[in-house]
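Residues per chain are reported as follows:
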Amino acid sequence: MPKLTILEFPDPRLRTIAVPVEHFDNGLARLIDDMFETMYEAPGIGLAATQVDVHRQLLVLDVSEDKNQPMVFINPRILQRDGEQVYQEGCLSVPGIYADVTRANQIRVQALNRRGESFELEADGLLAICIQHEMDHLAGKVFVDYLSPLKRDMVRKKLEKNRRGRVESESREHSL
Ligand code: GNR
Ligand code: NI
């Protein structure tokens, strides 16, 4: 079982705007570890605290092939954006749905690490996509917000239908 429960669209809690992290204590360290465990187990390449119902500016990601390059971004800010790229995105909070999203091709980011130290990073490709996708979560935004209202409504209906199916099969299991 994953450590933390991931909220699913259209859960209104995904719309919460995260507040900055102020305390770099043991509680924060434990949350970061639990988020990595949940992300790797899902499996996913990134996870924002918003998705596990913690409304702090914190995200973790690992876009490496071998899943051995964990990265933590606390109170992240985008300093510079350049160009455009289109990528077919998915989201652990929108399971089974994939759609093209246009984002900046290259970004320069400033953030704090898990010890509260500031760093800057230039990112492009999938890393840049993932950082932007996770920072959207911290601002209460989900990738389906970039789709037309019609498509977004189709996504909402499909997920609600899947969820009904899941609840029905769970209640069958319990009555066996
Ligand atoms: O696991 C994930 N894969 C992914 C693929 C394309 C673009 C963005 C992502 S992020 C996603 C994990 C997630 O939902 N993070 O918020
Ligand atoms: Ni996501």
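Our subject is the structure that appears above.
Analysis parameters
- Residue indices begin from 1 for each chain and proceed along its sequence in written order.
- The order in which chains are written sets their letters, starting at A; the order in which ligands are written sets their numbers, starting at 1.
- Residues qualify for local features only when their pLDDT is at least 70, as the model is predicted, and side-chain atom pairs are given and counted only at 80 or more; totals for whole chains, interfaces and linings, by contrast, use all residues.
- With hydrogens and water stripped out, all remaining heavy atoms of the structure feed into the side-chain values.
- Note on conventions: DSSP H or I runs of at least 4 residues are helices, E runs of at least 2 residues are strands, and numbering of each starts at the N terminus.
- Atoms considered for the radius of gyration are the C-alpha atoms alone. The globule rule reads 2.2 Å times the number of residues to the power 0.38.
- Only protein chains enter the area calculation, which uses a 1.4 Å probe; residues under 20% of their type maximum are buried, those over 50% are exposed, and those in between are partly exposed.
- We call two residues contacting when some pair of their heavy atoms lies within 4.5 Å.
- Residue exposure ignores everything except the shown protein chains as possible cover, and the areas themselves are Shrake-Rupley values with a 1.4 Å probe.
- For each residue, the test is whether any non-hydrogen atom lies within 4 Å of the molecule or strand; if one does, the residue is near.
- Here a polar contact means two N or O atoms within 3.5 Å. Within protein one must be a hydrogen donor candidate and the other an acceptor candidate, and residues neighboring in sequence count only if both atoms are side-chain atoms.
- A 1.4 Å probe that fits into a set of points on a 1 Å grid over the protein atoms alone but cannot get out defines a cavity; an open set with protein on both sides within 12 Å along at least five of seven lines defines a pocket, and lining residues are those with an atom within 4 Å of a point.
- The rule for placing a molecule in a cavity or pocket is simple: more than half of its atoms must lie within 2 Å of the grid points.
- Only N, O and S atoms count as donors, using a 2.8 Å cut-off from the metal and 3.2 Å for Na, K and Ca, and because water is excluded some sites may appear unfinished.
- Two strands pair if DSSP finds at least two bridges between them.

All right, on to the overall build of the protein chain then. If you tally the helices and strands in the protein chain, you get three helices and seven strands. Put simply, the protein chain runs from its N terminus to its C terminus through helices and strands in the order α-β-β-β-β-β-β-β-α-α. By the compact-globule yardstick of 16 Å for 176 residues, the protein chain fits well, its C-alpha radius of gyration being 17 Å. A principal-axis box enclosing the C-alpha atoms of the protein chain has dimensions of 55 × 40 × 30 Å. Looking at the 176 residues of the protein chain, the share that counts as buried comes to 43%. Contacts in the protein chain between residues far apart in sequence, at least 24 positions, make up 64% of those at least 6 positions apart. Surface accessibility of the protein chain: about 10,000 Å² in total, with carbon and sulfur atoms responsible for 50%.

Once that is clear, we can look at the site of ligand 1. The immediate surroundings of ligand 1 are formed by 13 residues, with Ile45, Gln51, Leu92, Glu134 and His137 found nearest. At a separation of 2.6 Å, an oxygen atom of ligand 1 approaches a polar side-chain atom of Glu134. A distance of 2.9 Å is found between an oxygen atom of ligand 1 and a side-chain nitrogen or oxygen belonging to His137. Across the complex, the protein chains shield 90% of the 380 Å² of accessible surface that ligand 1 would expose by itself. In a pocket analysis with a 2 Å cut-off to the grid points, ligand 1 is assigned to the largest pocket. Secondary-structure elements contributing two or more residues to the shell around ligand 1 are strand S4 (85-89) and helix H2 (125-138). The biggest single contributor to the shell around ligand 1 is H2, with four residues.

What follows deals with the coordination of the nickel ion (ligand 2). Every protein donor of the nickel ion (ligand 2) is listed here as Cys91 (SG), His133 (NE2) and His137 (NE2), and their distances to the metal cover 2.1 to 2.3 Å. Site description for the nickel ion (ligand 2): donor spacing in sequence, C-x41-H-x3-H. Within this pair, whereas Cys91 is found in the loop between S4 and strand S5 (99-103), its partner His137 is found in helix H2, the two being separated by 46 residues in sequence. What makes Cys91 buried here is its relative accessible area of 9%.

The next point concerns the pairing of strand S3 (residues 71-82). Side-chain direction in a regular strand flips from residue to residue, so the side chains alternate between the two faces of the sheet. In this structure, strand S2 (residues 58-61) lies alongside S3, joined through four bridges in antiparallel fashion. Bridge pairing links Leu61 to Met71 in S3. As defined by bridge partners, S3 adjoins strand S6 (residues 106-112) across six bridges and the pair is classed as antiparallel. When the sheet's bridge partners are listed, Ile78 is paired in S6 with Val109.

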